[in-house]
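So the chains spell out like this:
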Amino acid sequence: MSSSTVSPAPEKTTQQTPTQAVRTNPSPEAQALRHAHHVLLLGLLALRFRALVADPVSTMWSSLPAVFAIQAAYTIICLPAVGTTHTHHNHGKKPRKKKTTEGVASGSPNFAVTSLVALILSTISGGIIHIVLVLFGAPFLTHFWQTFLCSEHVAFLGLYPLFYTRGVSGKDWLEILSARAPFDEGFGGLVGAGLGAWLGAVPIPLDWDREWQKWPVTILCGVYAGYSVGKLIGGSVAFGRRFADGEEVP
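Let me sum up the structure you'll find in this document. (Residues numbered from 1 in each chain as written. Predicted model: local features only at pLDDT ≥ 70, side-chain atom pairs only at ≥ 80, totals over all residues. Heavy atoms only, no water.)

1. Comments concerning the overall build of the chain
Heads up, the rule is: Counting from the N terminus, the helices are DSSP H or I runs at least four residues long and the strands are E runs at least two residues long. Any residue under 20% of the maximum accessible area for its type is buried, any over 50% is exposed, and the rest in between are partly exposed; the area is computed with a 1.4 Å probe on protein chains only. Only heavy atoms matter for contacts: two residues are in contact if any of them lie within 4.5 Å across the pair. Residue burial considers only the protein chains on display, and all accessible areas are found by Shrake-Rupley using a 1.4 Å probe.
Scanning the chain for helices and strands turns up 8 helices and 2 strands. Scored against the burial criterion, the 250 residues of the chain give a buried share of 46%. Sequence-distant contacts in the chain: of pairs separated by 6 or more residues, those separated by 24 or more amount to 72%. In the form shown here, the chain has an accessible surface area of approximately 14100 Å², with 66% of it arising from carbon and sulfur atoms.

2. Description of empty space enclosed by the protein
Space left empty within the atom packing is revealed by a probe, the size of a water molecule, rolled over the atoms. Just so we agree on the cut-off: Think of a 1 Å grid over just the protein atoms. A cavity is a set of points where a 1.4 Å probe fits yet cannot get out, a pocket is an open set with protein on both sides within 12 Å along at least five of seven lines, and lining residues have an atom within 4 Å of a point. Grid points are joined across faces, edges and corners, and a volume is the space filled by probe spheres set on the points. Residues were grouped as follows: Ala, Val, Leu, Ile, Met, Phe, Trp, Tyr, Cys and Pro as nonpolar; Asp, Glu, Lys and Arg as charged; and all remaining residues, including Gly, as polar.
The final tally for this structure, using the stated rule, is 2 cavities of 30 Å³ or more. Space inside the largest cavity adds up to approximately 80 Å³. In terms of lining, the largest cavity is formed by Leu 44, Leu 45, Arg 48, Phe 49, Leu 52, Thr 59, Met 60, Ser 63, His 153, Leu 220 and Tyr 224. Mapped onto the lining of the largest cavity, the elements with two or more residues apiece are α1 (28–47), α2 (49–54), α3 (56–78) and α8 (217–234). Broken down by class, the residue content of the lining of the largest cavity amounts to 7 nonpolar, 3 polar and 1 charged. As a volume, the second largest cavity reaches approximately 50 Å³. Taken together, Val 22, Leu 79, Pro 161, Leu 162, Thr 165, Arg 166, Asp 184, Glu 185 and Gly 186 make up the full set of residues lining the second largest cavity.

3. Some thoughts on helix α5 (residues 144–166)
Condition: Here, expected helix span is obtained from the residue count minus one, scaled by 1.5 Å. At any given residue, the bend is defined as the angle formed between two axes, one fitted to the seven residues that end at that position and one fitted to the seven that begin there.
Between the first and last C-alpha of α5 there are 30 Å, a value that for 23 residues agrees with the 33 Å anticipated at 1.5 Å per step. Within α5, the axis deviates most sharply at Leu 159, by approximately 45°, and proline Pro 161 lies no more than four positions further along. Of all 23 residues in α5, 20 are buried; the element is thus mostly enclosed. Of the residues flanking the end of α5, it is Gly 167, one or two places downstream, whose phi is positive at about 65°.

4. Describing the side chain of Glu 175
Position of Glu 175 among the secondary structure elements: in helix α6 (residues 170–177). If we skip the residues at most four places from it in the chain, Glu 175 touches Pro 18, Thr 19, Arg 180, Ala 181, Pro 182 and Arg 242.

5. Here's the deal with the pattern of salt bridges
Note the following rule: We define a salt bridge as a side-chain nitrogen of Lys or Arg found within 4 Å of a carboxyl oxygen belonging to Asp or Glu.
Across all of its chains, the model carries 6 salt bridges by this definition. The residue Arg 34 makes a salt bridge to Glu 185 at a minimum N-O spacing of 2.3 Å. Residue Arg 34 is found in helix α1, and its partner Glu 185 is found in helix α7 (residues 185–200); the two are separated by 151 residues along the sequence. By relative accessible area, which is 15% here, Arg 34 ends up buried. Where Glu 185 meets Lys 231, a salt bridge forms, and the shortest distance between an N and an O atom there is 3.6 Å. Of this pair, Glu 185 sits in helix α7 while Lys 231 sits in helix α8, placing them 46 residues apart in sequence. For Lys 231, a relative accessible area of 1% corresponds to the buried category. Each of the salt bridges in this network shares a partner with another, and the network as a whole consists of Arg 34, Glu 185 and Lys 231.

6. Looking at the packing of α1 against α3
Packed helix pairs are characterised by how far apart their axes lie and by the angle those axes make with each other. Condition: Under this scheme, a helix contributes an axis fitted over its contacting stretch, all axes are lines through C-alpha atoms, and angles between N-to-C directions fall in the 0 to 180 degree range. The scheme is simple: roughly parallel for angles under 35 degrees, roughly antiparallel for over 145, roughly perpendicular for 65 to 115, oblique for anything else. Crossing handedness: left-handed means the near helix sits turned counterclockwise from the far one by under a right angle, and right-handed means the same turn made clockwise.
Contact geometry of α1 with α3 gives a least axis separation of 9 Å together with a crossing angle of 165°. Here α1 lies roughly antiparallel to α3, going by the angle between them. Seen along the crossing, α1 lies across α3 with a hand that is left-handed. Listed contacts from α3 to Glu 29, Ala 30, Leu 33, Arg 34, His 37, Leu 40, Leu 41 and Leu 44 of α1 are Ser 63, Ala 66, Val 67, Ile 70, Gln 71, Ala 73, Tyr 74, Ile 77 and Cys 78. Here the contact of α1 with α3 is composed, by residue class, of 12 nonpolar, 3 polar and 2 charged.

7. Describing the environment of Phe 144
By the element assignment, Phe 144 lies in helix α5. According to the relative accessible area criterion, Phe 144 is partly exposed, its value standing at 42%. Through-space distance from the C-alpha of Phe 144 to that of Val 134 is 9.8 Å; in sequence the pair is 10 residues apart.

8. Quick look at α7
Helical periodicity: at 3.6 residues per turn, an α-helix aligns residues three or four positions apart in one direction. The line we're drawing: Residues adjacent in sequence count toward polar contacts only when both atoms are side-chain atoms; beyond that, a polar contact is any pair of N or O atoms within 3.5 Å, and within protein one must be able to donate a hydrogen and the other to accept it.
With 16 residues, α7 should cover 22 Å at 1.5 Å per step; its first-to-last C-alpha distance of 21 Å lies within 8% of that length. Taken as a whole, α7 has its buried residues at Glu 185, Gly 186, Phe 187, Gly 188, Gly 189, Val 191, Gly 192, Ala 193, Gly 196, Ala 197 and Gly 200. As for α7, its buried residues are in contact with α1, α3, α5, α6 and α8. The residue sitting at the N-terminus of α7 and contributing the capping side-chain oxygen is Asp 184; that oxygen lies 3.2 Å from the backbone nitrogen of Gly 186.

As structure tokens, then:
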């Protein structure tokens, strides 16, 4: 009497495609603004530095529209909006199109709507950053507006370009928040802004008795400098690489 054994069906394994780094638009106008972007932001900081030291709340508040205008121009001209497709070059093979994020239909998005949504999400995220700053030692019962407006500047610099290009894709943001996303100008700028804020806190407790040591002047300067350096590195030598393994994403 013969007995037959039924072999179990092989399990299907679904492998998620890793998040791709976002390339800047190749047009001459985009490349020119991409490099001028650092100069505009740091120039704005230098221009308002004395006013920032004298009156941080008023200066940070009045500077936010200019920061948003610079960020909006940079993202609209230099970066692909969430849902658009762009050509991905693969070492001499036939180019193929990739979506900038999953779950969004391709096509021509409304750049004004995308910018507005990114602005709203960045503004809301500023409140979360405020809580994070307090947890890391920012004044809790005093200097509320100083901390809140500093958080909004961090959000406009570090998060606005990411909301513009990534939208609210859970997969993308999980990699960003866990520091597993590939480096590009957006993620590099966020990392740089975070490190800059951390380094900017160093001079505050020193007994130099300088007016510019008051909260949050050095933090904000560190954020702007760190964002500019991180964006530059993320868009060049570190482009496509990850913290996890240092390998470039294909």
